[in-house]
Amino acid sequence: MNITLRIAQKEDCPRLIELVNELALFEKAPEEVTVSLQEFEDSGFGNNPVWKAFVAIDDDVIIGFALYYVRFSTWKGRRIYLEDFIVTEEYRGKGIGKLLFERIIQETKELGYSGMVWQVLDWNEPAIGFYKKYEANVEEGWLNASLSKEQIAKY
């Protein structure tokens with residue numbers, strides 16, 4: 001294995017969507033992925049990009065990525081929000097997740113932000129164990145809330 005990391009490029013988006021779908025399947029919610037390739041590309045590389053990502057590559061194939069955006073906390077200031085973090089199944093347990101996660105940590109430091117945040121499913125023990133190696137605070141007691149495009153249209 002000769003793993004390299006680099007910033008995602010627009011032409012990576014079809015592969016990133018494949019990995020997003022793999023993650024959604026793992027998280028038992030494949031039907032929840034409704035973003036189109038066009039919206040995904042525009043959101044990362046259009047006139048008003050809102051996300052960036054680092055990709056992990058082996059033999060010219062993207063095998064994982066860490067996608068983030070800037071979040072603002074009125075309590076803490078600017079922070080990186082790690083939206084998606086995945087290594088394709090056959091490459092897990094080989095240190096690639098560590099490379100990607102530590103690259104996001106480095107990005108947070110380079111930007112001078114106050115920290116980084118993300119979510120992890122309470123049943124995903126391997127991920128929780130991974131994050132605890134970094135002494136991450138895994139909070140309890142917060143519930144996620146959301147409104148869909150269809151729900152918003154009602155008001």
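It should be noted that the structure appears before, not after, this text.
Note that this is a predicted model, so its numbers are computed, not measured.

Criteria and cut-off values
Residues numbered from 1 in each chain as written. Predicted model: local features only at pLDDT ≥ 70, side-chain atom pairs only at ≥ 80, totals over all residues. Heavy atoms only, no water. Helix = DSSP H or I, 4+ residues; strand = E, 2+ residues; numbered from the N terminus. Buried < 20%, exposed > 50% of the residue type's maximum accessible area, 1.4 Å probe, protein only. Lys, Arg positive; Asp, Glu negative; His and termini not counted. Salt bridge = Lys/Arg side-chain N within 4 Å of Asp/Glu carboxyl O. Polar contact = N/O pair within 3.5 Å; in protein donor to acceptor, adjacent residues only side chain to side chain. Contact = heavy atoms within 4.5 Å. Patch = residues over 30% accessible without salt bridge, like charges linked within 9 Å, V, L, I, M, F, W, Y side chains within 5 Å. Areas by Shrake-Rupley, 256 points an atom, 1.4 Å probe, with all protein chains shown as cover.

Bringing the side chain of D58 into the picture now. As for its position among the elements, D58 is in strand β2 (residues 52-58). Look at D58: it is buried, it has no salt bridge, and the nearest opposite charge is K94 at 8.3 Å. A polar atom in the side chain of D58 sits 2.8 Å from the side chain of Y91. The contacts of D58, once residues within four sequence positions are left out, are M1, N2, I3, I63 and Y91.

A cluster of nonpolar side chains, F26, L121 and W123, forms an exposed patch at the surface whose accessible area comes to about 250 Å². For L121, the position within the fold is in the loop between β5 (116-118) and α4 (125-132). On the accessibility criterion, L121 (31% relative accessible area) is partly exposed.

Side chains that carry opposite charge are capable of pairing whenever their charged atoms lie near each other. Following the criterion strictly, the structure yields 6 salt bridges and no others. Among the ionic pairs, E18 bridges to R15, the shortest N-O distance being 2.9 Å. Of this pair, E18 and R15 are both found in helix α1 (residues 13-26), 3 residues apart, which corresponds to roughly one turn of the helix. Among the residues examined, E18 registers a relative accessible area of 46% and is labelled partly exposed. Assessed through its relative accessible area of 25%, R15 is described here as partly exposed. Here the salt bridges share partners, and the residues they tie into one network are R103, E107 and E110.

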